[in-house]
Amino acid sequence: MPHSHTVKIERQPPLLWVTINRPQARNAVDGKTASALASIFTDFDADPDLSVAILMGAEQNFCAGADLKAIASDNPELRNPLTSDGIGPMGPSRLTLSKPVIAAIDGYCVAGGLELALWCDLRVATERAVFGVFCRRFGVPLIDGGTVRLPRLIGMSHAMDMILTGRAVNASEALNIGLANRLVAPENLRATAEELALQIANFPQQCLRNDRQSAYQQWGMNEDAAINNEFQLGLKTLASGETNAGAKRFEQGNGRQGRQEKPPKPQ
Ligand SMILES: CC(C)(COP(=O)([O-])OP(=O)(O)OC[C@H]1O[C@@H](n2cnc3c(N)ncnc32)[C@H](O)[C@@H]1OP(=O)(O)O)[C@@H](O)C(=O)NCCC(=O)NCCSC(=O)C[C@@H](O)C[N+](C)(C)C
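The rules we used
Residues numbered from 1 in each chain as written. Predicted model: local features only at pLDDT ≥ 70, side-chain atom pairs only at ≥ 80, totals over all residues. Heavy atoms only, no water. Phe/Tyr/Trp six-rings, centres within 6.5 Å; stacked < 30°, edge-to-face > 60°. Lys NZ or Arg CZ within 6 Å of the ring centre and 35° of its normal. Near = heavy atom within 4 Å. Polar contact = N/O pair within 3.5 Å; in protein donor to acceptor, adjacent residues only side chain to side chain. Areas by Shrake-Rupley, 256 points an atom, 1.4 Å probe, with all protein chains shown as cover. Nonpolar A, V, L, I, M, F, W, Y, C, P; charged D, E, K, R; others polar. Helix = DSSP H or I, 4+ residues; strand = E, 2+ residues; numbered from the N terminus. Buried < 20%, exposed > 50% of the residue type's maximum accessible area, 1.4 Å probe, protein only. Contact = heavy atoms within 4.5 Å. Pairing = 2+ DSSP bridges. Axes fitted to C-alpha atoms, helices over the stretch in contact; angles between N-to-C directions. Parallel < 35°, antiparallel > 145°, perpendicular 65-115°, else oblique. Left-handed = near helix turned anticlockwise from the far one by under 90°. Salt bridge = Lys/Arg side-chain N within 4 Å of Asp/Glu carboxyl O.

Draft legend 1. Spotlight on the packing of aromatic side chains. Counted according to the given criterion, the structure contains four aromatic pairs. The structure contains a cluster of three or more aromatic residues connected by ring pairs, namely Phe41, Phe44 and Trp119. When the ring centre of Phe44 is taken as origin, the NZ or CZ atom of Lys99, which lies over that ring, is 5.1 Å away. Its end group placed over the ring of Trp219, Arg152 keeps NZ or CZ at 5.5 Å from the ring centre.

Draft legend 2. The site of the ligand, seen in detail. The full set close to the ligand counts 24 residues, and Ala66, Leu68, Gly112, Glu115 and Arg137 are the nearest of them. A distance of 2.7 Å separates an oxygen atom of the ligand from a polar atom in the backbone of Gly112. For the ligand, whose accessible area on its own is 1100 Å², the fraction buried by protein is 72%. Residues of the shell around the ligand, tallied by class, amount to 15 nonpolar, three polar and six charged.

Draft legend 3. Looking closely at the environment of Tyr108. Examined against the element boundaries, Tyr108 turns out to sit in strand 5 (residues 108-110). Judged by its relative accessible area of 38%, Tyr108 falls in the partly exposed class. Ignoring anything within four residues of it in the chain, the contact list for Tyr108 reads Asn61, Phe62, Cys63, Val130 and Phe134.

Draft legend 4. Spotlight on the sheet that holds strand 9 (residues 182-184). Read from one edge to the other, the open sheet built from six strands follows the order 1-2-3-4-6-9, with strand pairing classed as mixed. The outermost strands of the open sheet, each flanked by one partner alone, are strand 1 (7-12) and strand 9. Across this sheet, the average inter-strand angle for adjacent strands is 20 degrees, counted without regard to direction. Across three bridges, strand 3 (residues 52-57) lies against strand 4 (residues 101-105) in parallel orientation. When the sheet's bridge partners are listed, Leu55 is paired in strand 4 with Ala103. Of the strands in this sheet, strand 2 (15-20), strand 3, strand 4 and strand 6 (122-126) touch helix 3 (residues 112-119), which is tilted by about 140 degrees from strand 4. Packed onto the sheet, helix 7 (residues 189-201) meets strand 1, strand 2, strand 3, strand 4, strand 6 and strand 9 and runs at close to 160 degrees relative to strand 3.

Draft legend 5. Structural view of the packing of helix 3 against helix 4 (residues 146-154). It is the contact of helix 3 with helix 4, at a shortest axis distance of 10 Å, that shows an interaxial angle of 60 degrees. In terms of axis orientation, helix 3 runs oblique to helix 4. Between helix 3 and helix 4 lies a crossing of left-handed hand. Residues Glu115, Leu118 and Trp119 of helix 3 form the contact with helix 4, whose own contacting residues are Gly146, Arg149, Leu150 and Leu153.

Draft legend 6. Summary view of the pattern of salt bridges. Under the defined criterion, the tally for this structure stands at nine salt bridges. Between Asp121 and Arg212 there is a salt bridge whose closest N-O contact spans 2.9 Å. Taken together, the residues span a long stretch of sequence, with Asp121 in the loop between helix 3 and strand 6 and Arg212 in helix 8 (residues 205-217) at a distance of 91 residues. Given the relative accessible area of 9%, Arg212 is considered buried.

Draft legend 7. Structural view of the packing of helix 8 against helix 9 (residues 223-239). Contact geometry of helix 8 with helix 9 gives a least axis separation of 10 Å together with a crossing angle of 165 degrees. The angle between helix 8 and helix 9 falls in the class roughly antiparallel. Helix-helix and strand crossings are classified by hand; for helix 8 and helix 9 the assignment is right-handed. Each of Gln206, Cys207, Asn210, Gln213, Ser214 and Gln217 in helix 8 lies in contact with helix 9, whose residues at this interface are Asn229, Glu230, Leu233, Gly234, Lys236 and Thr237. Here the contact of helix 8 with helix 9 is composed, by residue class, of two nonpolar, eight polar and two charged.

Given below as structure tokens:
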């Protein structure tokens, strides 16, 4: 795993904690931070002992987007996050990344920070989280998937409202429109994200990754093509033996994997 003072990692198999660590800049992403994130997530995907990553920001903020001072500067030492390495800050796309990532969001999650959260599979937010396309007022475009993923996630009406007005969306609205999956008190953020991540990490992984990939791959396809794609991917999982083993556990009444003897109750 690479080390960078602007991104902190804690490797706790099966989980990887990734914290953007530039609190003095509200965790804005400069060129070095973007490169560090890209290689951290590439390594995460390749590490057989890791199943789920959790992305956070240091000191009560998730991320204030791209580093505007680096964009404004002519100093080559301050690498411009928009142009420095030609890749998005997260490196692997969601289609190539095989494992889930959870965003644990406190405070500001705006502009490119919102795009980072949209890149993640799930978003746990605190009651004081604030979301928004704040770059609207500075003329910096969303070029890290924001205009693609926001409408797909929350629908064009809510997305266009956010994109055109750049307004601040509070945590309860974020939950209502599907931008956040869970809302928690700030002191429970880490524990809730961990619980969710461990729940996911304890399931049979090939099948879980199969269904995740399947959903992303099929997002823009027509129904028949999508169902065919789902079937082809599913066949690989069926051939792996994992499905058969799970069915046997059910038959024998000892659902050990995930320790879920009983089906989950609604929360
Ligand atoms: C986040 C914020 C609401 C926080 O407000 P606050 O009142 O809590 O804190 P603050 O006093 O405004 O900021 C604290 C410090 O944090 C710095 N800071 C805050 N956001 C920054 C940023 N984006 N870049 C560099 N420094 C940033 C401030 O300059 C300041 O530094 P100083 O103490 O040296 O003066 C406020 O700072 C703010 O609006 N920041 C700008 C957010 C913004 O518009 N970002 C857009 C970036 S463009 C973008 O992300 C588009 C994206 O597609 C790009 N990419 C593809 C690369 C991902």
